[in-house]
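Spelled out from the first residue to the last, the chains are:
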Amino acid sequence: MAIQRADIEKLSFLARIDITEDTLAATADGINRVLGLIDQLRAADTAGIAPLAHPLDATQRLREDAVSETVDREALQAIAPAVEAGLYLVPKVIE
Amino acid sequence: MHDLTLAEMCHGLARREFSSSELTRHLLARCAATNPVYNAFITLDDAGALTQAAAADARLAAGDAPLLCGVPIAHKDIFCTRGLRTSCGSRMLDNFVAPYDATVVERLAAAGVVSLGKTNMDEFAMGSSNETSYYGPVKNPWALDCVPGGSSGGSAAAVAARLVPGATATDTGGSIRQPAALCGVTGLKPTYGRVSRWGMIAFASSLDQAGPMARSAEDVALLLQAMAGFDERDSTCLDRPVPDYRAALDQPLDGLRIGVPAEYFGAGLNPGTEQAVREALSELERQGARLVDIRLPHSDLAVPAYYVIAPAEASANLSRFDGVRYGHRCDNPKDLRDLFMRSRAEGFGAEVQRRILIGTYCLSAGYYDAYYNKAQQVRALIRQDFLDAFAQVDLILGPTCPNPAFAFGAKGGDPVAMYLEDIYTIAANLAGLPALSMPCGLVDGKPVGVQIIGNYFDEARMLNAAHRFQQATDWHRRAPPEVAA
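From a predicted model like this one, the values you see are computed outputs, not experimental measurements.

Here is what the cut-offs are and how they apply
Residues numbered from 1 in each chain as written. Chains lettered and ligands numbered in written order. Predicted model: local features only at pLDDT ≥ 70, side-chain atom pairs only at ≥ 80, totals over all residues. Heavy atoms only, no water. Helix = DSSP H or I, 4+ residues; strand = E, 2+ residues; numbered from the N terminus. Buried < 20%, exposed > 50% of the residue type's maximum accessible area, 1.4 Å probe, protein only. Contact = heavy atoms within 4.5 Å. Areas by Shrake-Rupley, 256 points an atom, 1.4 Å probe, with all protein chains shown as cover. Rg over C-alpha atoms; globule rule 2.2 N^0.38 Å. Buried area = accessible area lost by both parts, 1.4 Å probe. Salt bridge = Lys/Arg side-chain N within 4 Å of Asp/Glu carboxyl O. 1 Å grid on protein atoms, 1.4 Å probe; cavity = no way out; pocket = protein on both sides within 12 Å on 5 of 7 lines; lining within 4 Å. Points joined across faces, edges and corners; volume = space filled by probe spheres on them. Nonpolar A, V, L, I, M, F, W, Y, C, P; charged D, E, K, R; others polar. Axes fitted to C-alpha atoms, helices over the stretch in contact; angles between N-to-C directions. Parallel < 35°, antiparallel > 145°, perpendicular 65-115°, else oblique. Phe/Tyr/Trp six-rings, centres within 6.5 Å; stacked < 30°, edge-to-face > 60°. Lys NZ or Arg CZ within 6 Å of the ring centre and 35° of its normal. Pairing = 2+ DSSP bridges.

K.L.:
Quick question: what am I supposed to make of the overall build of chain B here?
P.N.:
From N to C terminus, chain B includes 16 helices and 11 strands. By principal-axis analysis of the C-alpha atoms, chain B measures approximately 65 × 55 × 45 Å. Buried residues in chain B amount to 67% of all 485 residues. Once local pairs closer than 6 in sequence are excluded, the contacts in chain B between residues at least 24 apart make up 76%. A total of about 15100 Å² of accessible surface is found on chain B, and carbon and sulfur atoms cover 49% of it.

In structure tokens, the structure reads:
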């Protein structure tokens, strides 16, 4: 099933990537080619096979719930596009 | 001096035949002179390198020098470096200066290396040709009209052109091995979890692994020794002892069982590449290895499974680039949604956008089972193929890539044509196995690589076989004609 214009518009919003009218057709074409490749998976017999999440079946380690390092807020905010009084600035959300 | 291997440089530095400052200045001058041609570096750090070299010289003089003290290398621009831009080949991070060092950077610094700068790469490591870099493609030193491979094309080209004796790189679907093959250098993707991913910008977290590139297996062993080991800051890093990789290099190969998978020698393999790989197999056989025909029956599903899993994980990982906390922000956003959508549209190139959209699609409501879950099941089948094979053999050998380096633009129209260049490398990532590529011949004057896939944590045995091969052959010593001249 090929991706249509409406699908691209929906994906564009879900992925928060603006797709302009002039690149929409090329974007759809590229995605459809890749989906054609991916569709080869359908032929694989995977009945009863457990999905593999970690190649060595490792699980998450646990650690003590204790402070291990502190964050230097000034250093982290020095690379932000816009900050004020220790806060990140974005356009007004509530009118 | 630039023609010395990394091991030879270590030796020369330790014996005070030359200083790290002399060596660093010499290589920095070569980098500056050639970067307009090869474009191997995104950022050169002359001042930082010379400071590190002076410190290394002081330690060498004081006699308390660590193993790699004073040796210049380069880092792929995917590893965060405190105070030095880390762009990941993207406009999104063109202005990003990390406030910390990646574990790999930290460990190599502790081993004494001098970092000359950050190497060029496909944007967010998504590509097999370096053509997706925001900073323009790297040129293959063996043929300037051809790609160096990707995504670690800058690291491979810098090593091939004798700008550095070794470099760091990362491999999600072949990004160390494919450029190593196309540029005629040796590169190793370790077992998943062998090297810390902390501070390495994430692409597909269940596949990404850092590793070294250099000219010889011995040099790769030296770099891996410094890079490998447990790191509690990476939740998927495994707590296993790190063997002495160099100690095993010279072991004889008598009785080594090498699996030759029929699926890696089928249609689509360049006849010249096949001949070179078969000659490499014969050389190992002459040294006492036994060749065993094996099957990896689900090989043809590796590329399709990868193009679900990698984009799905990428779509989640790259959601952090929102134009709020760091990275590119569009001008005059009219509201928050506009800020997100335009910052990401402007910051990401076409291939990165495509993969995020595909990943978003595969993970969206109603499609998860058909795509992501199915791909993870296929991944289990692919791993089982390898487990079955390693019950019979010690190593698996085949070509790294189907073809030598292709011309710029050759795969331009169709993303799938580009993806299929990684047909032999992707399975090792899906299974989490270590794999290396080393040069084994020239086809039309361009290098081709042989791939060695090992069992989990069996890097020492892989490096042993590679080293023995390199002791009997000189492919790894060949330099691109312009560099040798």
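K.L.:
What's the story with the overall build of chain A in this structure? I'm lost.
P.N.:
Looking only at helices and strands, chain A features 3 helices and 2 strands. Helices (α) and strands (β) of chain A occur, in sequence order from the N terminus, as α-α-α-β-β. The C-alpha radius of gyration computed for chain A amounts to 22 Å, which surpasses the reference 12 Å derived for 95 residues by more than 25%, pointing to a less compact arrangement than a globule. Looking at the 95 residues of chain A, the share that counts as buried comes to 28%.

K.L.:
Looking at this structure, how should I read the interface of chain B and chain A?
P.N.:
By a widely used convention, the size of an interface equals the accessible area lost when the partners come together. In this assembly, 69 residues from chain B lie in contact with 49 residues from chain A. Summing the contributions of chain B and of chain A, the shared interface buries around 5000 Å²; its carbon and sulfur component is 71%. Taken as a group, B:Met341, B:Leu357 and B:Tyr361 account for 13% of the area that chain B buries against chain A, more than any other trio of residues on that side. At the junction of chain B and chain A, the tally comes to 2 salt bridges.

K.L.:
So what exactly am I meant to see when it comes to the layout of surface pockets here?
P.N.:
Unoccupied space between atoms shows up once a probe the size of one water molecule is rolled over them. By volume, the largest pocket is sized at about 830 Å³. What lines the largest pocket is a set of 29 residues, among which A:Leu76, B:Pro99, B:Tyr100, B:Trp198 and B:Gly199 lie closest to the centre. Grouping the amino acids of the lining of the largest pocket by side-chain chemistry returns 16 nonpolar, 6 polar and 7 charged.

K.L.:
How should I be thinking about the packing of helix H2 (residues 21-38) of chain A against helix H9 (residues 302-317) of chain B in this particular structure?
P.N.:
Running from N to C, H2(A) and H9(B) cross one another at 125 degrees; their axes reach a closest spacing of 8 Å. Taken as axis vectors, H2(A) and H9(B) run oblique relative to one another. Contacts from A:Val34, A:Leu37 and A:Ile38 of H2(A) reach H9(B) at B:Val303, B:Pro304, B:Tyr307 and B:Val308. Its residues assigned to classes, the contact of H2(A) with H9(B) shows 7 nonpolar, no polar and no charged.

K.L.:
When you look at the packing of aromatic side chains in this model, what are you seeing that I'm missing?
P.N.:
Any two aromatic rings considered together are summarised by their centre-to-centre distance and by the angle between their planes. Residue and element names in this part refer to chain B. Enumeration over the complete set of coordinates arrives at 14 aromatic pairs over all chains. A ring pair is formed by Tyr361 and Tyr371, whose centres lie 5.7 Å apart and whose planes are at 55 degrees; its orientation type is tilted. Residue Tyr361 is located in helix H11 (residues 350-363), and its partner Tyr371 is located in helix H12 (residues 369-390); the two are separated by 10 residues in the primary sequence. An identical accessibility class is assigned to Tyr361 and Tyr371; each is buried. The exposure class assigned to Tyr371 is buried, which follows from its relative accessible area of 7%. Taken together, Phe96, Phe124, Phe321, Tyr326 and Phe348 form an aromatic cluster joined through their ring pairs. One cation-aromatic arrangement involves Arg233 over Trp198; the distance from NZ or CZ to the ring centre is 3.9 Å.

K.L.:
How should the pairing of strand E5 (residues 186-189) of chain B be read in this particular structure?
P.N.:
Consecutive residues of a regular strand have side chains that alternate between opposite faces of the sheet. Residues and elements named next belong to chain B. Burial of the side chains of E5 extends over both faces: Thr186 and Leu188 are buried on one face and Gly187 and Lys189 on the other. In terms of strand pairing, E5 meets strand E6 (residues 209-214) through 2 bridges, oriented antiparallel. Residue pairing across strands places Thr186 opposite Ala214, the latter belonging to E6. Pairing geometry for E5 and strand E10 (residues 435-443), over 3 bridges, is antiparallel.

K.L.:
Would you explain the packing of helix H7 (residues 217-227) of chain B against helix H15 (residues 459-472) of chain B in this entry?
P.N.:
Packed helices, taken two at a time, are described by their axes: the angle between them and the distance between them. Residues and elements named next belong to chain B. Interaxial distance between H7 and H15 falls to 8 Å at its minimum, and their mutual angle equals 150 degrees. Viewed along their axes, H7 and H15 adopt a mutual orientation that is roughly antiparallel. Judged by residue contacts, Ala217, Glu218, Val220, Ala221 and Leu224 of H7 engage Glu459, Leu463, Ala466, His467 and Gln470 from H15. Its residues assigned to classes, the contact of H7 with H15 comprises 6 nonpolar, 2 polar and 2 charged.

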